[in-house]
Amino acid sequence: MSTLGRYVSRTFLVHFVLCLIGFVGLSQVFDLLSNAEDLIRLHGDSPVVMLRYVMLRTPALAAFILPFAVLIGALTALSRLARQNEVTAMKAAGMPFGRLPLMMIPALLVIAALHFLLSEQLVARTMRALYTWQMAGEVARTGEAAQDRPATVWLRAENNVIGIATVFDNGRTLYGVTIFERDAQGRVLAELNAREARYRDREWTLVQGDRLEVTKSGAGTPVPFDREPWATGLTPNQIVALASPVEALPLSDLNSLIGHPELGHRPTYVYQTHWYHGIAAPLASLLMVLLAAPAAQTVSRHGGIALSAIAGIVVGFVFFLVDGLLVALGEAGILPPILAGWTALFTFGCLAGWALINAER
């Protein structure tokens, strides 16, 4: 990398890091204020509770805000270079403006890789840890009433439909379990209700429940049981994945749900949409610089830093809105998953490239 390339990349990275820290910190404050009441109710008002929540929420907020921080960082860095006439000096030396964003590519590739690792590994783990921690607080607060709440997680396994009120202990203990056993044609054969299900030594056991057989003549009388084996191929990891928001699932879990459509409680195309979007999302950082570059070129020619920066921010917001809309259409089955995941990135990339080429003229 040339001396000029290092200088441009360093200028961009400084602005990017400052924007990322500022936006994540601000978002964390608002998020903490909106959830403080629930945290105090479940875990008490200790500062350690607030600190733990902040640590578990920060990766998800950082992954969400990172592309926007790249956009603002690129806008401010390029505008600074233009305002100090450094862009004019580069052009006078015979360097086209289009090369300026290209100098940031090494830094952007590092950011994209970090974004991918953050979303794929850290966000999934911290979101699961946060969910488990919240459920532990709920169970500790309600005690034995945990199994009496309505099922919050519904899933399929083989031909059966399963409802779970509370997922606890990383999926190894389930409270308020309802199982509808069905035949191959989908007819209900029996309904099981258990206070809890425990996973020990790779086997599930239902604890304190009843079984209601359903025959052609109608339902019989519930037969109570203290313990009963539960023959299912579900694992604790799969249950935690199904209980987690689909947006927080890593690609490996999405692959598992796509390959086993009988497990998911959503259509397969929902998981496929988020799989494609999970691949495309880290590349949004490259797009953000392309969106910022034409605005900076306008600054170097005509001034008006504030107006150009606002225009770049508006375009970035439009991209995020369109991207979210397309993902929602993919989740609804209106768009094919690959189009839902990639169309916004490809379309805005073409528009940004066209705008940058025209800005050179």
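Thresholds, definitions, all that
Residues numbered from 1 in each chain as written. Predicted model: local features only at pLDDT ≥ 70, side-chain atom pairs only at ≥ 80, totals over all residues. Heavy atoms only, no water. Buried < 20%, exposed > 50% of the residue type's maximum accessible area, 1.4 Å probe, protein only. Helix = DSSP H or I, 4+ residues; strand = E, 2+ residues; numbered from the N terminus. Axes fitted to C-alpha atoms, helices over the stretch in contact; angles between N-to-C directions. Parallel < 35°, antiparallel > 145°, perpendicular 65-115°, else oblique. Left-handed = near helix turned anticlockwise from the far one by under 90°. Arc of directions from axis to C-beta. Core = buried A, V, L, I, M, F, W, Y, C linked by side-chain atoms within 4.5 Å. Contact = heavy atoms within 4.5 Å.

The next subject is helix α6 (residues 236-243). The element α6 is extensively covered by neighbouring structure, given that seven of its eight residues are classed as buried. Here α6 has its buried residues at P236, Q238, I239, V240, A241, L242 and A243.

Our focus in this paragraph is the packing of helix α1 (residues 3-43) against helix α2 (residues 47-83). Their axes nearest at 4 Å, the elements α1 and α2 cross at an angle of 150°. On the basis of their axis angle, the class for α1 and α2 is roughly antiparallel. Crossing geometry of α1 relative to α2 is assigned as right-handed.

Structural remark: α-helix, 3.6 residues per turn; residues separated by three or four positions point the same way. Among the residues making up helix α7 (residues 251-259), those that are buried are L251, D253, L254 and L257. Down the axis of α7, the sector holding all buried residues measures 160°, keeping them to one side.

Moving on, we come to the nonpolar core. Nonpolar side chains in soluble globular proteins tend to be buried together. Of all hydrophobic cores here, the largest spans 48 residues; its most connected members are F12, F16, V70, L100, L287 and F319. Only α1, α2, α3 (86-92), α5 (105-142), α9 (284-302), α10 (305-331) and α11 (337-360) provide two or more residues apiece to this core. By residue number, the principal contributor to this core is α2, which donates 16 residues. Aside from chain neighbours lying at most four places away, what touches L287 is F319, L345, F348, G349 and A352. Core analysis: the second largest hydrophobic core is formed by 32 residues, V153, L206, L263 and Y271 among them.

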